[in-house]
Amino acid sequence: MDVYEAVDSRRAVRAFSDEPVPKEVLERVLAAATRAPSSGNLQPWHVYVVTGEPLADLKRQATARALAGDPGDERDYPMYPAGLASPYRDRFSAAAAQRYEALGIERDDPDRPRKIATVNAEAFGAPVVLFCYLDRTMGPGQWGDAGMYLQTVMLLLRAEGLHSCPQVMWTMYRKTVGRTVGADDELVLFCGVSVGFEKEGVPRLRTGRADMTETVTFVGV
């Protein structure tokens, strides 16, 4: 797949089929992703690939917490900045409305938070979830490295005909995830990435993006 095509077709898919993802495909993607850029070549990411019964059990535990209205574990880092201002707040609100309308969750539904947590806890049906951790000693630069690494992974998944959905939501249940993967306390869960083949016959959501002129300034050109 052409790189431009991979970038254009990558989107957060929230409906996966139960078709298994071959281990050799995951190994090929993750081996190639080691070439992702990394300041000082620190390669700060630690990735756990969870599938099969361990993932099914994790989904059951997370879903039970969501259905019980569990607010989640104390956060290691904020999901979004406090007091989010425009234009960021406007983009967030528009995308959230699109996302959950596509999932059939009404904005004024009093049970909306629990329903959102539940569908997330099920990883949208994905048969594989990658959990990306960083050492607690790492700083903002290394978190940026992890983002570039995960984008590389997601583009390589597209080249294999797969889709993905990055989910920071898993940090809400970081202790449950940590017990499943065996991550020690010196690691911080950055996010999970659900992986699989897209389920057929469901609405396909493609959220809008700001025009390039809103975010890019050319100097000297």
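Residues numbered from 1 in each chain as written. Predicted model: local features only at pLDDT ≥ 70, side-chain atom pairs only at ≥ 80, totals over all residues. Heavy atoms only, no water.

**Considering the pattern of salt bridges**
For clarity, the cut-off: Salt bridge, as used here: a side-chain nitrogen of Lys or Arg that lies within 4 Å of a carboxyl oxygen of Asp or Glu. Think of it this way: any DSSP run of H or I at least four residues long counts as a helix, any run of E at least two long counts as a strand, and we number them from the N terminus. Here the term buried applies to any residue with accessible area under 20% of the maximum for its type, exposed to any over 50%, and partly exposed to those in between, with areas from a 1.4 Å probe on protein chains only.
Applying the stated criterion across every chain yields a total of 9 salt bridges. The salt bridge partner of Arg28 is Glu160, with a shortest N-O separation of 2.8 Å. With Arg28 in helix 2 (residues 23-32) and Glu160 in the loop between helix 6 (140-159) and strand 3 (163-167), this residue pair connects regions lying 132 residues apart in the sequence. In this structure, Asp73 and Arg65 form a salt bridge, with 2.9 Å as the shortest nitrogen-oxygen distance. Both residues of the pair, Asp73 and Arg65, belong to the buried class. Connected through shared salt-bridge partners, Glu53, Asp57 and Arg60 make up one network.

**What to know about the environment of Met154**
The condition is simple: Note on contacts: a residue pair qualifies if any of its non-hydrogen atoms lie within 4.5 Å across the two residues.
You can see Met154 is positioned in helix 6. The class for Met154 is buried, based on a relative accessible area of 8%. Residues contacting Met154, with those up to four places away along its chain left out, are Arg10, Ser164, Pro166 and Val193.

**Re the packing of helix 3 (residues 52-67) against helix 7 (residues 174-181)**
Worth spelling out the cut-off: Lines fitted to C-alpha atoms define the axes here, with helix axes fitted over just the stretch in contact, and angles between the N-to-C directions of these axes take values from 0 to 180 degrees. Under this scheme an angle from 65 to 115 degrees is roughly perpendicular, one under 35 degrees roughly parallel, and one over 145 degrees roughly antiparallel; angles in between are oblique. Left-handed is the label given to a crossing in which the near helix is rotated counterclockwise from the far helix by less than a right angle, and right-handed is the label when the rotation is clockwise. Residues are sorted three ways: Asp, Glu, Lys and Arg are charged, Ala, Val, Leu, Ile, Met, Phe, Trp, Tyr, Cys and Pro are nonpolar, and all the rest, Gly among them, are polar.
Interaxial distance between helix 3 and helix 7 falls to 10 Å at its minimum, and their mutual angle equals 160°. In terms of their interaxial angle, helix 3 and helix 7 are classed as roughly antiparallel. As for how helix 3 packs across helix 7, the hand of that crossing is right-handed. Residues Pro54, Leu58, Gln61 and Arg65 of helix 3 form the contact with helix 7, whose own contacting residues are Thr176, Val177, Arg179 and Thr180. A breakdown of the residues in the contact of helix 3 with helix 7 according to their chemical character gives 3 nonpolar, 3 polar and 2 charged.

**Considering helix 3**
What counts, and what does not: The length a helix should cover is 1.5 Å for every residue beyond the first. As used here, the arc is the angular range of directions from the helix axis to the C-beta atoms.
Between its terminal C-alpha atoms helix 3 stretches 22 Å, which fits the 22 Å expected from 16 residues at 1.5 Å a residue. Among the residues making up helix 3, those that are buried are Leu55, Leu58, Lys59, Ala62, Thr63, Arg65 and Ala66. Down the axis, helix 3 shows its buried residues gathered within 155° of arc, on one side only. Those residues of helix 3 hidden inside the fold are in contact with strand 1 (45-51), helix 5 (112-121), strand 2 (128-135) and helix 7.

**Some details on the side chain of Ser164**
Its place among the elements puts Ser164 in strand 3. Exposure remark for Ser164: the relative accessible area of 1% places this residue in the buried category. The contacts of Ser164, once residues within four sequence positions are left out, are Arg11, Ala12, Val13, Phe16, Met154, Leu157, Val193, Ser194 and Val195.

**Focus: unusual backbone geometry**
As a rule of thumb, non-glycine residues mostly have phi less than zero, and peptide bonds are mostly trans rather than cis. With an omega of 10°, the peptide bond between Ser86 and Pro87 qualifies as cis. If you trace the backbone, Pro87 turns up in the loop between helix 3 and helix 4 (88-102). One non-glycine residue with positive phi stands out, namely Asn41, at about 60°. Its location among the elements puts Asn41 in the loop between helix 2 and strand 1.

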